[in-house]
Amino acid sequence: MPSILEAHNLVKHYGDNQAVSGISFHIDEGEIFSLLGPNGAGKSTTINMLSTLFAPTSGEATIGGKSATQHPMAVRRLIGVVPQEIALYDDLSARENLNFWGRMYGMNGGALRQRVDEVLDQIGLKDRASERVKTYSGGMKRRVNIGAGLLHKPRLLFMDEPTVGIDPQSRRAILDMVTDLNRQGMSVLYTTHYMEEAQELSDRVGIIDRGRLIALGTQAELTRQVGEQQTLRLHVAEDQNAEALATAVRALPGVVSASATDHTVALITPSAAAVLGPVVGQANLGGFRLRSVDIEEPNLEAVFLQLTGRALRD
Amino acid sequence: MPKILTLGLKDLTLAFRDRAALILMLLAPFILTLGLGFVTGRFSGGSQSGLSEIPVVIVNADADQLGDALADIFASEDLAELIAPTTVSDIAAARQQVLADEVAAAVIIPSGFTDAVLTGSSEIVRVEVHANPARPLSAGVVQAIVEEFLSRVQSGAVAGRVTIEQLVRTGRLAPQDAPAAAEEFAQRQSAPTTGAITLRRDEAIAEAQVEFDVLAYLAPAMALMFLMYTVGRGGATLLAERNAGTLARLLASPTSAAQVLGGKVFGIFLTGATQVGILILATTLMFGVRWGDWVGVVALVLAAAAAATGWGMLLAAFAKSPAQVGSVGAALMLIFAILGGSFGPNVPLPDWVSVIARLTPNKWGIDGFAALGSGNTLIDIVPNLFALLAMGAALFAVAVFVFRRQGLVK
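Read on for a plain summary of the structure.

The rules we used
- Within any chain, residue numbers begin from 1 and follow the written order of that chain's sequence.
- Each chain gets a letter, beginning with A, and each ligand a number, beginning with 1, in the order they are written.
- Restriction of local features to residues with pLDDT of at least 70 applies here, the model being predicted, together with a cutoff of 80 or more for giving and counting side-chain atom pairs; totals for whole chains, interfaces and linings are based on all residues.
- For the side-chain quantities, the full set of heavy atoms in the structure was used; hydrogens and water were omitted.
- Each helix corresponds to a stretch of at least 4 residues labelled H or I by DSSP, and each strand to a stretch of at least 2 residues labelled E; elements are numbered beginning at the N terminus.
- Radius of gyration here uses only the C-alpha atoms, and the compact-globule reference equals 2.2 Å multiplied by the residue count raised to the power 0.38.
- Summary of the burial criterion: residues with accessible area below 20% of their type's maximum are buried, those above 50% are exposed, and those between are partly exposed, where the area comes from a 1.4 Å probe applied to protein chains only.
- Residue contacts are defined here by distance: any two heavy atoms, one from each residue, within 4.5 Å place the two residues in contact.
- For the accessible areas, the method is Shrake-Rupley and the probe is 1.4 Å, while residue cover comes only from the protein chains on display.
- Counted as positive: Lys and Arg. Counted as negative: Asp and Glu. His and the chain ends are not counted at all.
- In plain terms, the charge of a residue is placed at NZ if it is Lys, CZ if Arg, CG if Asp and CD if Glu.
- A 1.4 Å probe defines the accessible area here, and the buried area is the portion of it lost by two parts on being joined, summed over both.
- For salt bridges, the criterion is a side-chain nitrogen of Lys or Arg within 4 Å of an Asp or Glu carboxyl oxygen.
- The term polar contact refers here to a pair of N or O atoms within 3.5 Å; inside protein, the definition further demands a hydrogen-donor-capable atom paired with an acceptor-capable atom, and it admits residues adjacent in sequence only when both atoms are side-chain atoms.
- Residue polarity is assigned by list, with Asp, Glu, Lys and Arg as charged and Ala, Val, Leu, Ile, Met, Phe, Trp, Tyr, Cys and Pro as nonpolar; anything else, Gly included, falls into the polar class.
- When DSSP finds two or more bridges between two strands, those strands count as paired.
- Here an axis means a line fitted to C-alpha atoms, over the contact stretch when the element is a helix, while the angle between two N-to-C directions is reported on a 0 to 180 degree scale.
- Between rings of Phe, Tyr and Trp, where Trp is taken as its six-membered ring, a pair exists when centres lie within 6.5 Å; planes separated by under 30 degrees are stacked, by over 60 edge-to-face, and by other angles tilted.
- Here the nonpolar core consists of buried residues drawn from Ala, Val, Leu, Ile, Met, Phe, Trp, Tyr and Cys, with membership extended through side-chain atoms lying within 4.5 Å.
- Think of it as the arc spanned by the lines of direction from the helix axis to the C-beta atoms.
- Put simply, angles under 35 degrees are roughly parallel, angles over 145 are roughly antiparallel, angles from 65 to 115 are roughly perpendicular, and the rest are oblique.

## Observations regarding the overall build of chain A
Next up, step 1: Scanning chain A for helices and strands turns up 11 helices and 14 strands.
Next up, step 2: In summary, chain A has a C-alpha radius of gyration of 22 Å against a globular reference of 20 Å for 314 residues, a match within 12%.
Next up, step 3: Counting across all 314 residues of chain A, residues that qualify as buried make up 54%.
Next up, step 4: In chain A, the proportion of contacts linking residues at least 24 apart, taken out of those at least 6 apart, comes to 69%.
Next up, step 5: On chain A, roughly 12900 Å² of surface is accessible, and the fraction owed to carbon and sulfur atoms is 46%.
Next up, step 6: Distance from the positive charge centre (31 side chains) to the negative charge centre (36 side chains) of chain A: 6 Å.

Shown next as structure tokens:
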């Protein structure tokens, strides 16, 4: 299958800070490709370079065969961008916003009106299209934010953490929308720090951390990297020090790695059942009060944990 | 629809949907115009200008042809309704009357004024106008009369000297006859009440009095003052768009940076011009303000909006946040208003401040509107239009240079 996007050794420096350090990947036509990584990993910088907003310090990207640095206007016509922030005008209605953004993509007249109606239908806001965006809930704003990126029917859609800060119902609606768009033939580059979203949506996933692509492949390929290892997740009471518990159990036999996030300690182990007893015993010995324990099969979070020694939401 | 137009109309729509902005763009200048109109008596049924029987004290220490001519202008029948002159011989007493707020201004004609002008003496002889800061509008009228008189005297004296020199050089006048000819020329120039200067001056002032409406000064003065708020707000929206991500989104669409910047500039210009246009329309319909030549008024509104837009873009280029544009813009609005004459014409300021005032759209705009309100036409305000457009272009060029260096998005 031909590639809609090819990125070769993309590098971006901001002074001494290296935001992206030599990222290479491709996206096939009709594919959903996710960049999974924690905040500050370089996902947005990568999207900004691919959407021609910033020129890379070095490296090259082509979209639809056009160079992002040499033919930015041609590239912009092929892509749709859904930025992480709600990039809309609060004092305009959803319809006015969509009309405005459509015109920025060169649409006008009856074709624009018809397409705006279609998109309003698609994002489920036709009934409230005349209300100003500032009166909308966070989830509704997110949907308009996505709609503005779909108006010109892009071949490749960039979605930069489109579900940040919204309720589960709106998140579900957005994930379904992405799947639906892909089913209609649209290729998608999706960035997230939610492992579940990457797992649900993606044909392939690139795991990014500190500006580097540390793993790339289908979910099956990636989870094979951690072998048959399972994740044992310990939830401690809010007044407990999860980091201290991670340190206490890290040296136990059978524990490959341990990391703490908020009030949870994630352990990577070949056999959760085998280490569960010693881990709980060690926790009791240290005076840690456990609230619950989960055992998870190999997943992308485990891959990230094994590759970086940190949890995705660190 | 061209993208620049779409961007500009979007900003115009957003500006007029912002209630807080509307208060400062339209309501505040309107209320201030109204208030100042009451203060000046514009609505109390007096003369059309709202100014009448302006008390002036004159000290004629010259007591010669030109000094008498100036004193006679103030005492002329044509100015009887506008000016109420009194004469004293003591300069200190005249100044005291200004300080005591008994008169709007004191006009001091120094001893030897006529001699200095007629002989082309290099010695500087100044007619002084002591303006009462409590009565800026009235003092401005007095100063305008004196300035016009001096301007005519100056041009007459120069013309006389040049004519006589030319006659001597071409042999048509014997060098020994030159002093007598100069004396005769001066006599004609300064003949009291019947001379060309006095007669023409009287007519001009009388005409101005009939046609000039004080609201035609106050309304544009307030509109131009708050125009600076509008362009500052417009500049702030550029930074707000940068923070909100809409600027980045625009630049990720097939829209060039030049189109985006052009659209923002057009939006600020359009909003400013619309604001001033609405204020002009409102004061015309509600108060019957006579703005003068409509072609000139439209040209001046557009030129003033262009100059102010340049300032708005410059603010946006150097500021780091919308809040910074807001605070610096508010300070600039007040400073420009004071310097440019929005709080009254000829408020006594040092000479160097008057020079700086020429950097403000207020100064050129107000002078232009005052000229149009006094019966002048488009051709008479060409220097104002040129100055405003040049100001806008220069400031825009600097802003573009800064934006190119730092990038539109960060």
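That was the structure; now back to the text.
## Side note on the overall build of chain B
Next up, step 1: Scanning chain B from terminus to terminus reveals 16 helices and four strands.
Next up, step 2: Expressed as a percentage of the 410 residues in chain B, the buried residues total 50%.
Next up, step 3: Sequence-distant contacts in chain B: of pairs separated by 6 or more residues, those separated by 24 or more amount to 79%.
Next up, step 4: Surface accessibility of chain B: about 18200 Å² in total, with carbon and sulfur atoms responsible for 63%.

## Digging into the interface of chain A and chain B
Next up, step 1: The partner chain B presents 23 residues to the 30 residues of chain A that form the contact.
Next up, step 2: When the buried area of chain A at its contact with chain B is split by residue, Leu 53, Tyr 89 and Met 104 of chain A rank highest and sum to 27% of it.
Next up, step 3: Salt-bridge contacts for Glu 96 of chain A lead to Arg 17 of chain B; the nearest nitrogen and oxygen are separated by 2.8 Å.
Next up, step 4: Between the two partners, chain A and chain B, sit 12 residue pairs in polar contact (both at pLDDT 80 or more).
Next up, step 5: Listed by contribution, the elements that provide at least two residues to the side of chain A that touches chain B are helix 2 (72-78), strand 6 (79-82), helix 3 (94-104) and helix 5 (138-150) of chain A.
Next up, step 6: For the side of chain A that touches chain B, the leading source of residues is helix 3 of chain A, giving five residues.
Next up, step 7: Residues that form the side of chain A that touches chain B fall into these classes: 16 nonpolar, seven polar and seven charged.

## Details of the sheet that holds strand 13 (residues 264-269) of chain A
Residues and elements named next belong to chain A.
Next up, step 1: The four strands lie next to each other as 12-13-11-14, forming an open sheet whose pairing is antiparallel. Edge positions in the open sheet fall to strand 12 (257-261) and strand 14 (290-296), since each of these has one partner strand only. On average, each strand axis in the sheet is tilted by 20° relative to the strand beside it, whichever way the strands run.
Next up, step 2: Sheet analysis places strand 11 (residues 230-236) next to strand 14, joined by six bridges and oriented antiparallel.

## Details of the packing of aromatic side chains
Residues and elements named next belong to chain B.
Next up, step 1: Here the structure, examined in full by the defined rule, presents eight aromatic pairs over all chains.
Next up, step 2: Here Phe 30 and Phe 287 contribute two aromatic rings whose centre-to-centre distance is 5.5 Å and whose plane-to-plane angle is 25°, an arrangement assigned as stacked. Here the residue Phe 30 occupies a position in helix 2 (residues 19-39), and Phe 287 occupies one in helix 11 (residues 257-287), the gap between them amounting to 257 residues. With respect to class, Phe 30 is no different from Phe 287; both count as buried.

## Let's talk about the nonpolar core
Next up, step 1: The biggest cluster of nonpolar side chains holds 117 residues, and the ones touching the most others in it are Trp 101 of chain A together with Leu 250 and Phe 403 of chain B.
Next up, step 2: Excluding residues within four positions of it along the chain, Leu 250 of chain B makes contact with Tyr 89, Phe 100, Trp 101 and Met 104 of chain A together with Leu 7, Glu 241, Thr 255 and Val 260 of chain B.
Next up, step 3: By size, the runner-up hydrophobic cluster in this structure holds 26 residues, among which are Leu 78, Ile 79, Leu 156 and Leu 189 of chain A.

## Comments concerning the environment of Ile 166 of chain A
Residues and elements named next belong to chain A.
Next up, step 1: With respect to the helices, strands and loops of the structure, Ile 166 is situated in the loop between strand 7 (156-160) and helix 6 (168-183).
Next up, step 2: Its relative accessible area of 13% is what places Ile 166 among the buried residues.
Next up, step 3: As for Ile 166 and Asp 90, which are separated by 76 residues in sequence, their C-alpha atoms are 18 Å apart.
Next up, step 4: Setting aside anything within four residues of it in sequence, one finds Ile 166 in contact with Gly 138, Gly 139, Arg 142, Arg 171 and Ile 174.

## Focus on helix 4 (residues 91-99) of chain B
All names here are of chain B.
Next up, step 1: Taken together, the buried positions of helix 4 are occupied by Ala 94, Gln 97 and Val 98. Relative to the axis of helix 4, the buried residues are bounded by an arc of 100° and lie together on one face.
Next up, step 2: Turning to helix 4, the residues buried within the fold contact strand 1 (54-60), strand 2 (83-87), strand 3 (105-109) and strand 4 (128-131).
Next up, step 3: The N-cap of helix 4, judged by a side-chain oxygen 3.1 Å from the amide nitrogen of Ala 92 a few residues on, is Asp 90.
Next up, step 4: Remark: Asp 101 follows helix 4 within two positions and exhibits a positive phi of approximately 60°.

## Focus: the packing of helix 12 (residues 294-318) of chain B against helix 15 (residues 361-373) of chain B
Residue and element names in this part refer to chain B.
Next up, step 1: Between helix 12 and helix 15, the shortest axis-to-axis distance is 10 Å and the interhelical angle comes to 175°. Classified by the angle between their axes, helix 12 and helix 15 sit roughly antiparallel to one another. In contact with Gly 296, Val 297, Leu 300, Val 301, Ala 304, Ala 307, Ala 308 and Trp 311 of helix 12, helix 15 contributes Pro 361, Gly 365, Gly 368, Phe 369 and Leu 372.

## Digging into the sheet that holds strand 7 of chain A
Residues and elements named next belong to chain A.
Next up, step 1: What the six strands build is an open sheet, ordered 6-7-8-3-9-10; its pairing is mixed. What marks the edges here is a single partner per strand, and that holds for strand 6 and strand 10 (212-217). With strand direction ignored, the average angle separating the axes of adjacent strands in the sheet is 15°.
Next up, step 2: Here strand 3 (residues 32-36) runs beside strand 9 (residues 204-209); their pairing, made up of four bridges, is parallel. Across the sheet, residue Leu 35 finds its bridge partner in strand 9, namely Gly 206.
Next up, step 3: Relative to strand 6, helix 5 is tilted by about 165°, and along the sheet it contacts strand 6 and strand 7.
Next up, step 4: Docked against the sheet, helix 11 (residues 300-308) engages strand 3, strand 9 and strand 10, running at close to 35° with respect to strand 9.

## Topic: the side chain of Thr 192 of chain A
Next up, step 1: When you line up the elements, Thr 192 of chain A lands in strand 8 (residues 187-192).
Next up, step 2: Ignoring any residue separated from it by four or fewer positions in sequence, one finds Thr 192 of chain A in contact with Leu 35, Leu 36, Gly 37, Lys 43, Glu 161, Glu 197 and Ala 198 of chain A.

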